Amino acid sequence: MKKNRFLIGAFALLVIAIPGCKPNLDLINPQELSKNTYYKTPADLEAAVIPAYQALIGKVQGGYARSFYYNLLAPGDDFNHTFKWEPMYQDTYNTPSSDGLISGSWKDMWNGVFAANTAIAAITGYTGEIPEAQKSRLLGESYFLRGLLYMHLCELFGETVPLIDHPTLSQDDYYPTNAKKGEIYALIISDFQKATELLPVKSVMNADAAHMGRATKGAAEAYLAKAYMYRPILEVGQKAQFDKAEIELKKVIDSKEYSLMPYFRDNFDEAHENNAESVFEVQLHNGPGWLGDDMSDSWRWQEIGMFDGTGGAWWNLAPNKKTYDEFENGDPRKFMTLWCDGGAKYTQVDGTVTDYAYWMAHLATNKDLYGMRKYCPDVQVADFDDGINDRLMRYSGVLLLYAECLNENGKPEEAKKYINMVRNRANNIVPTEQPQLWYQHAKGTIPDVDGLLAENITINGIKMNSIKNIIQHERYVELCGEYDRYFDLLRWGMADAAWLAPLKAIGWTEKAMYYPFPQVELDNNKSLEGNAMNH
């Protein structure tokens, strides 16, 4: 059974504070751990980093355990909420400041920032004996996690979230004000840069099995590059820094620490976690609890996986017809990504084997939407949750980001090589697949980049007649359901408004680029102003 390496008493080690929550400073429990009685040994420092990892999962289900797959996926043009959750606001661009999903994400990300700040202070201030490599690794992990947590906060709520770069030292720290323009972006870049200098490469990190899945030099380089490319979202009005991103992505590729898995599907099951393609993933574990008792599981298969009416699935958010149509004929990834016609079968917990005809016969409405097979087991688990790790950065994503940088930096012919690496893998025969699926014994038939350019086809209104258009298409199908689509359209749209058209067609406005700050936070902290969605 897989163990969650980041769970070990994580939240018992720290009193997690959120901006706007004022503690009772007059109460002191002499038996309670504090920074004055803790962080005295290397083991204490190891434990100090764990809550920042755990925050990505979410103690209040505000991370990848639940809220994130709604908050990050629903605003895009690729998913719709179903009749099962009315009202859901995330895909309406009218999310109220009282919404529980955004409030949960706000709390958990700030929990993580608090934990990362505490760890950074404890590690840098440590005067005991500790191997330099261990101290550097722990500090690198802490900087990486703070950068990643702030990147999420900025993506969700904009760059005016508070800048908190140290543990709470006084009462004033509990009531932070808004960050100034550019400050959050600068912190994210600085944190990832420090992490690239301090962290070991993946093979060194994974040499100790207890460190499997932790942040590595390659992960920090990849996210530093992503932050450079996401700058139009993280610092509105500023251009993406493709030149700097290209340098960092080349480091990841040249490291030879990563490679594409032979089969696309190997990236989305429990048997192939932390594989050669994995750059960074959230470590999940399905324990005995549910409804919040298990702090490291995911409800993803239940809520955005299989169709309603099949094995008790809830099916609250689903890929839409546009997503189905984005896949080219002969692309096996369609059937490894979606539950759809002509695709895989699903076995319920009672042994009933179901197919598309069965799902449509038992589905009440929304028959123009699809199921999400990616991250969803083919055989129903006898639980609400599962423990399949969420891959946040894969090597295929690195290759596509690098191709984008090459193209933006005037090297389109070089870009083709890296797009083709991803497309060629998509055509591989997958002998481990269900036997009725055609690509279990025959290769996929999607052409290389030059072949696609020659076809000059139009997919969802976009002609495949340029490298940029092909990159957006390839990112859509390769990374479907992996949280990038909405943010791709935003960052491209900041440079060319045409890329905002798919979002505007479904109600998006510039005001709705971010979610509102939770109202309870504004009520607690009078020093903080909300963003445009709060007005």
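Located above this text is the structure these notes cover.
Residues numbered from 1 in each chain as written. Predicted model: local features only at pLDDT ≥ 70, side-chain atom pairs only at ≥ 80, totals over all residues. Heavy atoms only, no water.

**Q** Can you explain the pattern of salt bridges? Please cite residues and give values.
**A** Using the criterion set out here, one finds 39 salt bridges in the structure. Residue arginine 373 pairs with aspartate 378 through a salt bridge whose shortest N-O separation is 2.8 Å. Like aspartate 378, arginine 373 is buried. With its nearest N and O atoms 2.8 Å apart, the salt bridge here joins arginine 394 to glutamate 482. (Salt bridge = Lys/Arg side-chain N within 4 Å of Asp/Glu carboxyl O. Buried < 20%, exposed > 50% of the residue type's maximum accessible area, 1.4 Å probe, protein only.)

**Q** Break down the side chain of glutamate 155 for me, citing the residues and quoting the values.
**A** As for its placement among the helices and strands, glutamate 155 is situated in helix H5 (residues 132–157). No salt bridge is formed by the buried glutamate 155; the nearest opposite charge belongs to lysine 226, separated by 5.5 Å. Those residues in contact with glutamate 155 that sit more than four places away from it in its chain are Tyr230, Ile233, Leu234, Phe487 and Tyr514. (Helix = DSSP H or I, 4+ residues; strand = E, 2+ residues; numbered from the N terminus. Lys, Arg positive; Asp, Glu negative; His and termini not counted. Contact = heavy atoms within 4.5 Å.)

**Q** So what about unusual backbone geometry? Which residues, and what values?
**A** At tryptophan 315, a position not held by glycine, the phi torsion is positive, near 55°. Secondary-structure assignment places tryptophan 315 in the loop between helix H11 (300–304) and strand E3 (317–319). Although it is not a glycine, asparagine 456 sits at a positive phi angle of roughly 55°. By the secondary structure assignment, asparagine 456 is in the loop between helix H17 (449–455) and strand E9 (458–459).

**Q** Describe the nonpolar core, listing the residues and the values that go with them.
**A** Side chains of nonpolar character tend, in soluble globular proteins, to be buried together. Counting residues in hydrophobic clusters, the biggest one holds 159 residues, and the most contacted among them are Phe144, Tyr150 and Phe280. Looking at this core element by element, the count peaks at 13 residues for H5. With near-sequence residues (within four places) excluded, phenylalanine 144 lies in contact with Asp191, Phe192, Ala195, Leu199, Ala215, Ala219, Ala220, Tyr223 and Phe280. (Core = buried A, V, L, I, M, F, W, Y, C linked by side-chain atoms within 4.5 Å.)

**Q** Go over the state of the cysteines, please, and point to the residues and values.
**A** According to the stated counting rule, one finds zero disulfides in the structure shown. Free of any disulfide, cysteine 340 has its nearest cysteine sulfur in cysteine 480, 11 Å distant. Looking at cysteine 480, the relative accessible area reads 1%, which means it is buried. (Disulfide = S-S within 2.5 Å.)

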